[in-house]
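A look at the structure
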Amino acid sequence: MEGAKRQSLVEDSEGQATHTGPKGVINDWRKFKLESEDSNSFPPSKKEILRQMSSPQSRDDKDSKERFSRKMSVQEYELIHREKEDENCLRKYRRQCMQDMHQKLSFGPRYGFVYELESGEQFLETIEKEQKIITIIVHIYEDGIKGCDALNSSLICLAAEYPTVKFCKIKASNTGTGDRFSSDVLPTLLVYKGGELISNFISVAEQFAEEFFTGDVESFLNEYGLLPETEMHVLEQSNTEEDME
């Protein structure tokens with residue numbers, strides 16, 4: 001029995017006692033895992049706990065006994081490691097969501113400019129035959145009406161920035177219902193999706209200052225949730241997620 005006890009301890013090169021039994025194997029495994037992990041993989045507090053538990057101690061070393069008063073089991077280490085894996089899983093899920101959103105923005109019909117509608121029939125055909133997932137923004141205007149020219153210029157810029165939205169314009173006199181679109185209600189913005197009118201803004205220039213620009217119109221439409229996220233914004237979010245990893 002005494003010989004077996006003596007064999008359970010082996011002096012290492014630094015004069016410290018190392019267990020060769022089950023506890024020694026666990027300590028060696030902890031030390032190996034700690035050394036093999038990247039130095040940035042663990043917070044300093046968790047890393048210090050692992051370092052303490054992986055280092056052998058002398059029975060007569062009072063300071064060591066105080067340092068090792070908190071024991072870490074294999075289960076505790078696995079819990080820490082599992083938390084790290086969960087964080088990585090969450091990052092991958094977020095990145096996949098960003099990629100899926102980018103694909104939705106990248107595929108399907110793309111427009112990029114403002115369509116001029118010449119008649120009421122063409123107006124109706126555009127609304128009824130377009131894919132149901134497409135948002136259609138129609139500007140009803142007339143030459144010489146205050147705000148119409150500025151809004152047309154703004155929509156040209158927005159059409160380039162939001163190519164998955166179909167921007168159109170039509171003169172009130174060409175709609176076939178000119179009496180409904182008198183100069184008092186122009187410029188008017190009509191927004192359709194799936195063949196249904198979802199927003200109607202008459203005299204929309206009154207929502208802006210005397211002089212307004214693309215950013216003002218964009219903010220107004222975003223306030224009502226009528227514009228999708230831009231592709232650039234999605235890519236920036238995806239890159240930010242990757243940088244955080």
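The structure under discussion appears in the preceding block.
Residues numbered from 1 in each chain as written. Predicted model: local features only at pLDDT ≥ 70, side-chain atom pairs only at ≥ 80, totals over all residues. Heavy atoms only, no water.

**A few points about the packing of aromatic side chains**
What counts, and what does not: By convention, a stacked pair of Phe, Tyr or Trp rings (six-membered ring in the case of Trp) has centres within 6.5 Å and planes under 30 degrees apart, an edge-to-face pair has planes over 60 apart, and any other such pair is tilted. Only DSSP runs of H or I covering at least 4 residues are called helices, and only runs of E covering at least 2 are called strands; the numbering of each starts at the N terminus. Here's how the labels work: a residue is buried when its accessible area is under 20% of the maximum for its type, exposed when over 50%, partly exposed in between, all with a 1.4 Å probe on protein chains only. Two conditions define a charge located above a ring, namely a distance within 6 Å from the ring centre to NZ of Lys or CZ of Arg, and an angle within 35 degrees of the ring normal.
For the structure on display, the rule yields eight aromatic pairs. For the pair F123 and Y192, a centre-to-centre distance of 6.0 Å together with 80 degrees between the ring planes defines the contact as edge-to-face. In this pair, F123 sits in helix α6 (residues 120–129) while Y192 sits in strand β6 (residues 188–193), placing the two residues 69 residues apart along the sequence. Considered together, F123 and Y192 belong to a single accessibility category, that of buried residues. Sitting over the face of the ring of Y115, K166 holds its NZ or CZ atom 4.9 Å from the ring centroid.

**Describing the environment of G176**
Counting through the fold element by element, G176 comes out in the loop between β5 (166–171) and β6. In the structure, G176 is positioned 55 residues away from E121 in sequence and 8.7 Å away in space, judged by C-alpha atoms.

**Points about the sheet that holds strand β4 (residues 135–141)**
Rule in force here: In this analysis, strands are considered paired if DSSP registers two or more bridges between them. Between N-to-C directions, angles cover 0 to 180 degrees, with each direction set by a line fitted to C-alpha atoms, over the stretch in contact for helices. The contact criterion used is simple: two residues touch if any of their non-hydrogen atoms lie within 4.5 Å.
Across the sheet, five strands lie side by side as β3-β5-β4-β6-β7; this open sheet has mixed pairing. Strands with a single pairing partner mark the edges of an open sheet, and in this sheet they are β3 (114–116) and β7 (196–201). Shown here is a sheet whose adjacent strand axes are inclined to one another by a mean of 25 degrees, direction ignored. Pairing of β6 with β7 involves five bridges; the strand directions are antiparallel. Each residue of the ladder has a partner; that of K193, found in β7, is E196. Helix-sheet contacts for helix α7 (residues 148–161) involve β3, β4, β5 and β6, and the interaxial angle to β4 is about 160 degrees.

Fair warning: the whole summary comes from geometry, so function is off the table for now.
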